[in-house]
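A structural walkthrough
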Amino acid sequence: MLDQPRYKPIALPMYDWPEVRAETEGLECELSRAIFKALDICPAQIWNWRPDQDELPTRWANRGLLLSQTCGYPLVTFLQGKVEPLLTPHYDAPGCEGPLYCSHILVRAGSGCDRLEELAGKRAAFNSRDSQSGYNAFRHCVAQIAGGKAFFGGTLETGGHLKSMEAVASGKADVCCTDAVCLDLVRRVRPELFSSLKAIGRSRQVPGLPLVTAAGHPRDVIENIRAAAVSVFEARKTQESRERLGIRGFSVLSSDDYRPLIEMRLEAENLGYPELV
C-alpha cells in the first residue's frame, strides 16, 4: 500500500471526445477499480477531477500519478524520468500496426493540392509544440523538402487535433498533421468533417500513445499497476468499450522504444529545420 494520503486518479484524456465519453469513462472506471484493489487504496483518498487539456503536462508530471495516457513526444522530452510507460494500446485504424501508428498530413478536400510540396507559402495549423503528430512528425515531413529554409507562409496553434482539422476544413489554415487514431475517430463519429478533408501524405510509424504512471513509485507498485491495467485490457467486461475506442490489444514498451521520436526531431534539426515555419 502507498504511504501518500492523496493520489492522482486514473484518466484517459487523449481521445476523450464527447462521442465516446461513455466508453472512455467505462474503461477509466474499470482501471480505477483494478488499480485501487491492487494497491489497497480507498476511493475516498482520490481527488475527484476531470483533466483539463491545458493542465495535462502538470497532471502527468505529478509524483502521485497512478495512470494516465500521454503523447509519446512528452514521454521522451519534458516527462523523461518523471513517468514510466506501462503499456501501449494497439489501435485499429489505417496507419496503425501493433503498437505503432503514423500521422496523416491533411488538406481541404477539393483544394486541388495532392503533394506537400504544393503547400509552400501556405498556412499550417498545429495543435501544440509538444505534440508528436501535430508538430514533431509534421516538422520531420516538411524538413525533407524545405531545404533548411522557412516553408510555410504562417502557422496557427490551435490547442487540439480536432481544432486543427476544423481550421483546415473551414479555410482558416491550409494544412495540418493529425495522428491516425484521431483521423479514424473523426471518420467514425464526425463524418461531415472527415469528408471535408483529404490526406496527402503520412509520417513514418513510431510507437503510439502510452499509458504511464509516476516513475517515482516503488518498483512493486509500478508492476502492480501494470498488472492491473493488463487485466482490464484483457477482460471480456471491457471488450465493447475497447472496441468502440478502436483498441484491439496492447504491448509493453520501455522508454527506449520511443527513441525514434527523438530521432525524428534530430533529423529535422540536421536538415536545418528545427521549427515548423
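The paragraphs below set out a description of the structure included in this document. (Residues numbered from 1 in each chain as written. Predicted model: local features only at pLDDT ≥ 70, side-chain atom pairs only at ≥ 80, totals over all residues. Heavy atoms only, no water.)

**Some points on helix 4 (residues 132-146)**
Think of an α-helix as 3.6 residues a turn; residues three or four steps apart then line up on the same face. Of all the bends in helix 4, the greatest, near 25 degrees, is centred on F138. Most of helix 4 sits inside the fold, with 13 of its 15 residues counted as buried. Here helix 4 starts with a cap whose side-chain oxygen sits 2.9 Å from the backbone nitrogen of G134, and that cap is S131. One or two residues past the end of helix 4 sits G147, with phi positive at roughly 65 degrees. (Bend = angle between axes of the 7 residues up to and from the residue. Helix = DSSP H or I, 4+ residues; strand = E, 2+ residues; numbered from the N terminus. Buried < 20%, exposed > 50% of the residue type's maximum accessible area, 1.4 Å probe, protein only. Polar contact = N/O pair within 3.5 Å; in protein donor to acceptor, adjacent residues only side chain to side chain.)

**Some remarks on the packing of aromatic side chains**
Applying the stated rule across the entire model yields 5 aromatic pairs. A centroid spacing of 6.3 Å and a plane angle of 80 degrees characterise the contact between F233 and F250, whose relative ring orientation is edge-to-face. On the criterion of sequence distance, the pair formed by F233 in helix 8 (residues 219-234) and F250 in strand 12 (residues 247-251) is long-range, its members being 17 residues apart. The class of F233 is buried, set by a relative accessible area of 6%. The structure contains a cluster of three or more aromatic residues connected by ring pairs, namely F138, F151 and F152. (Phe/Tyr/Trp six-rings, centres within 6.5 Å; stacked < 30°, edge-to-face > 60°.)

**Topic: the pairing of strand 6 (residues 123-126)**
Where strand 6 and strand 7 (residues 154-157) come together, 4 bridges link them in parallel fashion. Looking at the pairing, F126 lines up with E157 of strand 7. In this region the chain leaves strand 6, passes through helix 4 and returns to the parallel neighbour strand 7; the handedness of that crossover is right-handed. (Pairing = 2+ DSSP bridges. Right-handed = clockwise from strand over helix to strand, strands pointing away.)

**Comments concerning empty space enclosed by the protein**
One pass over the structure, following the stated rule, counts 4 cavities of 30 Å³ or more. If you go around the largest cavity, you meet 16 residues; those closest to its centre are Y15, Q69, Y91, L245 and I247. If you list the elements that add at least two residues to the lining of the largest cavity, you get helix 1 (21-39), strand 3 (83-91) and helix 6 (180-189). (1 Å grid on protein atoms, 1.4 Å probe; cavity = no way out; pocket = protein on both sides within 12 Å on 5 of 7 lines; lining within 4 Å. Points joined across faces, edges and corners; volume = space filled by probe spheres on them.)

**Re unusual backbone geometry**
One non-glycine residue, D40, adopts positive backbone phi at about 55 degrees. In this structure, D40 sits in the loop between helix 1 and helix 2 (56-61).

**Description of the environment of N127**
Here N127 lies in the loop between strand 6 and helix 4. When its relative accessible area of 9% is taken as the criterion, N127 is described as buried. The residues contacting N127, other than those within four sequence positions of it, are G134, Y135, E157, T158, G159, G160, H161 and S164. A polar contact of 3.2 Å, which involves the side chain of N127, links it to the side chain of S131. (Contact = heavy atoms within 4.5 Å.)

**Remarks on the nonpolar core**
Core analysis: the biggest nonpolar cluster contains 69 residues, and Y15, W17, L27, L31, L67, M165 and I225 have the highest contact counts within it. Broken down by element, the residue count for this core peaks at 8 residues, all from helix 8. Discounting residues that sit within four places of it in the chain, L31 has contacts with I10, L12, L67, A229, V232 and F233. Membership of the second largest hydrophobic core comes to 21 residues, among which are V107, F126, F138 and A268. (Core = buried A, V, L, I, M, F, W, Y, C linked by side-chain atoms within 4.5 Å.)

**Remarks on the packing of helix 5 (residues 161-170) against helix 6**
The geometry of helix 5 relative to helix 6 is characterised by a closest axis approach of 10 Å and an angle of 65 degrees between their N-to-C directions. For the crossing formed where helix 5 meets helix 6, the hand is right-handed. Along the contact surface, helix 5 presents H161, L162 and M165, while helix 6 presents C182, L183 and V186. Of the residues that constitute the contact of helix 5 with helix 6, the class distribution is 5 nonpolar, 1 polar and no charged. (Axes fitted to C-alpha atoms, helices over the stretch in contact; angles between N-to-C directions. Left-handed = near helix turned anticlockwise from the far one by under 90°. Nonpolar A, V, L, I, M, F, W, Y, C, P; charged D, E, K, R; others polar.)

Functional significance is not addressed by these values, which are geometric in nature.
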